[in-house]
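Reading the structure
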Amino acid sequence: MTTILKIENLHQIFEQGTVNENHVLRGINLTMDQGEFITIIGGNGAGKSTLLNSIAGTLPVNQGKIIVNGEDVTRKSVMRRSKQISRVFQDPRMGTAVRLTVEENLALALKRGRPRNFGAGVKNKDRNFFKDQLATLNLGLETRLGAEIGLLSGGQRQAITLLMATLQKPELILLDEHTAALDPKTSITVMELTERLIREQALTAFMVTHDMEDAIRYGTRLIMLHQGQIVVDVKGEEKQNLTVAELMDMFHRNSGAELKDDQLLLS
Ligand SMILES: Nc1ncnc2c1ncn2[C@@H]1O[C@H](COP(=O)(O)OP(=O)(O)OP(=O)(O)O)[C@@H](O)[C@H]1O
Ligand SMILES: [Mg+2]
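Criteria and cut-off values
Residues numbered from 1 in each chain as written. Chains lettered and ligands numbered in written order. Predicted model: local features only at pLDDT ≥ 70, side-chain atom pairs only at ≥ 80, totals over all residues. Heavy atoms only, no water. Phe/Tyr/Trp six-rings, centres within 6.5 Å; stacked < 30°, edge-to-face > 60°. Buried < 20%, exposed > 50% of the residue type's maximum accessible area, 1.4 Å probe, protein only. Near = heavy atom within 4 Å. Polar contact = N/O pair within 3.5 Å; in protein donor to acceptor, adjacent residues only side chain to side chain. Areas by Shrake-Rupley, 256 points an atom, 1.4 Å probe, with all protein chains shown as cover. Helix = DSSP H or I, 4+ residues; strand = E, 2+ residues; numbered from the N terminus. Nonpolar A, V, L, I, M, F, W, Y, C, P; charged D, E, K, R; others polar. Salt bridge = Lys/Arg side-chain N within 4 Å of Asp/Glu carboxyl O. Pairing = 2+ DSSP bridges. Right-handed = clockwise from strand over helix to strand, strands pointing away. Contact = heavy atoms within 4.5 Å. Axes fitted to C-alpha atoms, helices over the stretch in contact; angles between N-to-C directions. 1 Å grid on protein atoms, 1.4 Å probe; cavity = no way out; pocket = protein on both sides within 12 Å on 5 of 7 lines; lining within 4 Å. Points joined across faces, edges and corners; volume = space filled by probe spheres on them. Core = buried A, V, L, I, M, F, W, Y, C linked by side-chain atoms within 4.5 Å.

Let's talk about the packing of aromatic side chains
- Tallied over the full model, the rule gives one aromatic pair.
- Arranged with centres 6.1 Å apart and planes meeting at 45°, the rings of phenylalanine 129 and phenylalanine 130 form a pair that is tilted.
- Taking relative accessible area as the criterion, phenylalanine 129 reaches 31% and is therefore assigned partly exposed.

Considerations on the site of ligand 1
- Ligand 1 sits among 13 residues. The nearest are Asn44, Gly45, Lys48, Ser49 and Thr50.
- Note that an oxygen atom of ligand 1 is positioned 2.8 Å from one of the side-chain N or O atoms of asparagine 44.
- Bound to the protein, ligand 1 loses 61% of the 640 Å² it would expose on its own.
- Element by element, the count of residues in the shell around ligand 1 is highest for helix α1 (residues 48-56), at three residues.
- Classifying every residue of the shell around ligand 1 gives three nonpolar, eight polar and two charged.

Side note on the pattern of salt bridges
- For the structure on display, the rule yields 11 salt bridges.
- Across the salt bridge formed by glutamate 71 and lysine 76, the nearest N and O atoms sit 3.0 Å from each other.
- Judged by its relative accessible area of 32%, glutamate 71 falls in the partly exposed class.
- A salt bridge links glutamate 103 to arginine 127, with the shortest nitrogen-to-oxygen separation between them at 2.7 Å. You can see glutamate 103 sitting in helix α3 (residues 102-110) and its partner arginine 127 sitting in helix α4 (residues 124-135), a full 24 residues away along the chain.

Points about the pairing of strand β6 (residues 85-88)
- Here β6 shows no split at all, with Ile85 and Arg87 on one side and Ser86 and Val88 on the other all buried.
- Inspection of the sheet shows β6 paired to strand β7 (residues 172-176) by four bridges, in the parallel sense. By the bridge assignment for β7, isoleucine 85 is matched with leucine 172.

Comments concerning the pairing of strand β8 (residues 205-208)
- Residues Ala205 and Met207 of β8 are buried on one face, and the alternating residues Phe206 and Val208, pointing to the opposite face, are buried as well.
- Pairing analysis gives four bridges linking β7 to β8, with the strands arranged parallel. Looking at β8, one finds that isoleucine 173 is bridged to alanine 205.
- Taken together, β7, helix α6 (residues 184-200) and β8 constitute a β-α-β crossover, and its handedness is right-handed.

Points about the sheet that holds strand β5 (residues 71-72)
- Strand order in this open sheet of four strands is β2-β1-β4-β5, and the pairing throughout is antiparallel. Since the sheet does not close on itself, it has two edges, and those belong to β2 (22-33) and β5, each with one partner.
- Sheet topology places strand β4 (residues 63-68) next to β5; two bridges connect them, and they run antiparallel. Bridge pairing in β5 links valine 68 to glutamate 71.
- In the packing of α1 onto the sheet, the strands contacted are β1 (3-14), β2 and β4, and the crossing angle to β1 comes to about 120°.

Here we look at the layout of surface pockets
- Empty space within the second largest pocket amounts to approximately 270 Å³.
- Lining the second largest pocket we find 17 residues, and of these Thr179, Ser187, Thr209, Asp211 and Asp214 sit closest to its centre.
- For the lining of the second largest pocket, the secondary structure elements donating two or more residues are α6, β8 and α7 (212-217).
- No other element matches α6, which puts four residues into the lining of the second largest pocket.
- Grouping the constituent residues of the lining of the second largest pocket by class yields eight nonpolar, five polar and four charged.

Re the nonpolar core
- The biggest cluster of nonpolar side chains holds 33 residues, and the ones touching the most others in it are Leu106, Leu134 and Ile160.
- Among the elements of the structure, α3, α4, α5 (154-166), β7, α6 and β8 are those that each provide at least two residues to this core.
- If sequence neighbours within four positions are ignored, leucine 134 has contacts with Val102, Leu106, Leu141, Glu142, Leu145, Ile160 and Leu163.
- Core analysis: the second largest hydrophobic core is formed by 27 residues, Ile4, Ile40, Leu51 and Leu172 among them.

Here it is as structure tokens:
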């Protein structure tokens, strides 16, 4: 089994040495195999986004190592990591270039990890490919190739962002509450699309969610972060058979946190 991601003793400390010092990640160790789909859950401020930002390279690492597919990327730029790693954020406005059309955005996604040339036109053969890809979303977007992305709904944009993130198979895809800003019905559509893309392309994926049911329902492995540490890590049958009550039990046993923290976790 190929290891896609290895995190060794990762620490993130914000405003180190000041009164506001915030030790957010406290020695994270994690090995992720190819094809694993990890869901991460944890209360507000637990460090979930910080973990994803460290992996993607948008945050310099204080201490520890990040190894992607055998290569130490700890000091590598976001741009250079983006050949291997793609991301989808919570805000539908983050993943796409708002003034560009659907097909221009998709053309940019084809060039992920290479210097961007915003003047580039769309080739005919690519246009047909984009049409076919958009048709697989079942949202009728294959007729909107020339539409400005900014004119589409949040759900349509998130679906396109997902497509862009997987157009060239990434070694690792990071999803940070990418359905949280959508209405419940659209959120389910985008979640199902996510699950299908990950399954069909056998992607290795890391998905942050606030929804415990979703964290259990989707993915092959579930991790719970609490105060910058991994307090639950389950996979296989144990994860498949897990209930929310059992998950809460594990959380209490492993974190030593009080019941009142449930609110934190569920918020
Ligand atoms: N760039 C930054 N500079 C300073 N502090 C930061 C930075 N990014 C995050 N933090 C702090 O780190 C802590 C963890 O934040 P993080 O965004 O990782 O939490 P989270 O688990 O993603 O929470 P949420 O569920 O609310 O998204 C918070 O206290 C936050 O204020
Ligand atoms: Mg977050």
